[in-house]
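This is what each chain is made of:
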Amino acid sequence: FFNLDNLPKVKILIVNNCEIELIEEYTFSNFSQLEILDIHSNKIESFALNSFNDLRNLINLNMNTNRIKMIRKRSFFALNKLKILDIDSNSIEFIDEEGFYGLFDLNELYLRWNKIKIIEKRSFFGLNNLKIIKIWSNFFIDSKSIIFS
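The rules behind each value
Residues numbered from 1 in each chain as written. Predicted model: local features only at pLDDT ≥ 70, side-chain atom pairs only at ≥ 80, totals over all residues. Heavy atoms only, no water. Salt bridge = Lys/Arg side-chain N within 4 Å of Asp/Glu carboxyl O. Helix = DSSP H or I, 4+ residues; strand = E, 2+ residues; numbered from the N terminus. Buried < 20%, exposed > 50% of the residue type's maximum accessible area, 1.4 Å probe, protein only. Pairing = 2+ DSSP bridges. Axes fitted to C-alpha atoms, helices over the stretch in contact; angles between N-to-C directions.

Caption draft 1: Structural detail: the pattern of salt bridges. As enumerated under the stated definition, the model contains six salt bridges in all. Note that E35 and K11 form a salt bridge whose closest N and O atoms lie 3.5 Å from each other. Note that E35 is positioned in the loop between β2 (22–23) and β3 (36–38) and K11 in the segment before β1 (12–14), a separation of 24 residues in sequence. A relative accessible area of 40% places K11 in the partly exposed class. Across the salt bridge formed by K43 and E19, the nearest N and O atoms sit 3.3 Å from each other. In this pair, K43 is assigned in the loop between β3 and β4 (46–47) and E19 in the loop between β1 and β2, connecting sequence segments 24 residues apart. Judged by its relative accessible area of 53%, E19 falls in the exposed class.

Take a look at the structure:
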């Protein structure tokens, strides 16, 4: 990804249009005070489950316009203060059970313009504070493909 050691006071990090393909484990371990992370318009296909572990103060994560294909179980588990998650305009086809588990303070979730066919039961489990979900322009097989339980 890139090396930005010893920047613990940074609150906003914007890394757009940099052709990033992968976010490795602990990429953001030196950004404990980060509140906004904007990594949209890259080529991110996947991210390690521990990629965001040290971002305990993150409130806004923008990953739109990348190439993410799926949301795995507990992908964002460590981001318990996150309020806004934007993963619009990716290539997401599948959201695993408990894909968003741990995002207990999430208010806004943007999933538009993906290729989502099926959302597993319990994918949205624990999102009790969610106020806005935008999910249009996907490829749902039928109404049973969307399960909000």
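Caption draft 2: The sheet that holds β3, seen in detail. On the basis of which strands lie adjacent, the open sheet formed by six strands has the order β1-β3-β5-β7-β9-β11 and parallel pairing. Two strands close off the open sheet at either side, each with one partner strand: β1 and β11 (132–134). When the angles between neighbouring strand axes are averaged without regard to direction, this sheet yields 0°. As paired strands, strand β5 (residues 60–62) and strand β7 (residues 84–86) are joined by three bridges and run parallel to one another. Within β7, the position partnered with N60 by the bridge is I84.

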